[in-house]
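# Examining the three-dimensional arrangement
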Amino acid sequence: MNDHLCQEKINLFYARMAENKQKPGPLMPTLHDAQTIFGYIPLSIQKIISEELGESIAKINGVVTFYGNFSVTPKGEHTVAVCLGTACYVRGSKNLMETLENELKIKEKETTPDGEITLVSTRCIGACGLAPVFSVDGAIHGNANVSKVKETIKELKELPHETN
Ligand code: FES
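Here is a short report on the structure shown in this document.

The rules behind each value
Residues numbered from 1 in each chain as written. Predicted model: local features only at pLDDT ≥ 70, side-chain atom pairs only at ≥ 80, totals over all residues. Heavy atoms only, no water. Salt bridge = Lys/Arg side-chain N within 4 Å of Asp/Glu carboxyl O. Helix = DSSP H or I, 4+ residues; strand = E, 2+ residues; numbered from the N terminus. Buried < 20%, exposed > 50% of the residue type's maximum accessible area, 1.4 Å probe, protein only. Contact = heavy atoms within 4.5 Å. Core = buried A, V, L, I, M, F, W, Y, C linked by side-chain atoms within 4.5 Å.

### A few points about the pattern of salt bridges
Pairs can form between side chains of opposite charge once their charged atoms are near each other. Per the counting criterion, the structure on display carries 2 salt bridges. When the shortest N-O distance is used, the salt bridge between E52 and K21 registers 2.8 Å. You can see E52 sitting in helix 3 (residues 43–53) and its partner K21 sitting in the loop between helix 1 (7–20) and helix 2 (27–38), a full 31 residues away along the chain. A salt bridge links K59 to E55, with the shortest nitrogen-to-oxygen separation between them at 3.5 Å. Residue K59 is classed as partly exposed on the basis of its relative accessible area, which comes to 42%.

### Things to note about the environment of L100
Within the element layout of this structure, L100 appears in helix 6 (residues 93–104). Exposure remark for L100: the relative accessible area of 1% places this residue in the buried category. L100 sits 19 residues away from L119 along the chain, and the two C-alpha atoms are 7.9 Å apart. Ignoring any residue separated from it by four or fewer positions in sequence, one finds L100 in contact with V80, V82, K105, L119, V149 and I153.

### Some thoughts on the nonpolar core
Within soluble globular proteins, side chains that are nonpolar tend to cluster in buried spots. Residues F13, L31, I41, I45 and I49 are the most contacted members of the largest nonpolar core, which totals 17 residues. For this core, the secondary structure elements donating two or more residues are helix 1, helix 2, helix 3 and helix 4 (57–66). Considering each element in turn, this core owes the most residues, 5 residues, to helix 2. Ignoring any residue separated from it by four or fewer positions in sequence, one finds I49 in contact with F13, M17, L27, T30, L31, A34, I41, G54 and I60.

Printed below as a string of structure tokens:
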């Protein structure tokens, strides 16, 4: 079993699920816990959730893949998120997403092969006045344009790599 899914984390996750089951609508808090504890929600974890909460894998997988803050693959060191909410969308955020996909040579929801950058989309993050916006590790960059995006990616790539 790989490091992300070590037994200690699985035990913690079962404990959280037991708490969540006491609440109405335990699926979303359980998925949030899974994302936080494991860093992603692979099929093996979706199966555990399915058994524990009595929800179908199809439903769980649908929710996991719908929301940008859940991931089915391990997340990279940095997360770049483009807001595709209405205000950002009409101001060109789709174009920003395409630029990022080209620059990073990955698609939305994927991580660069070196494990450095994960690209996701989000719904409105409440900064519509700055549309279009994207964020890097939660820090919002407003009034974005293609050159700003390219510049940010260049800076990210130049950051020293974390060593574990
Ligand atoms: S739509 Fe992007 S911040 Fe609101």
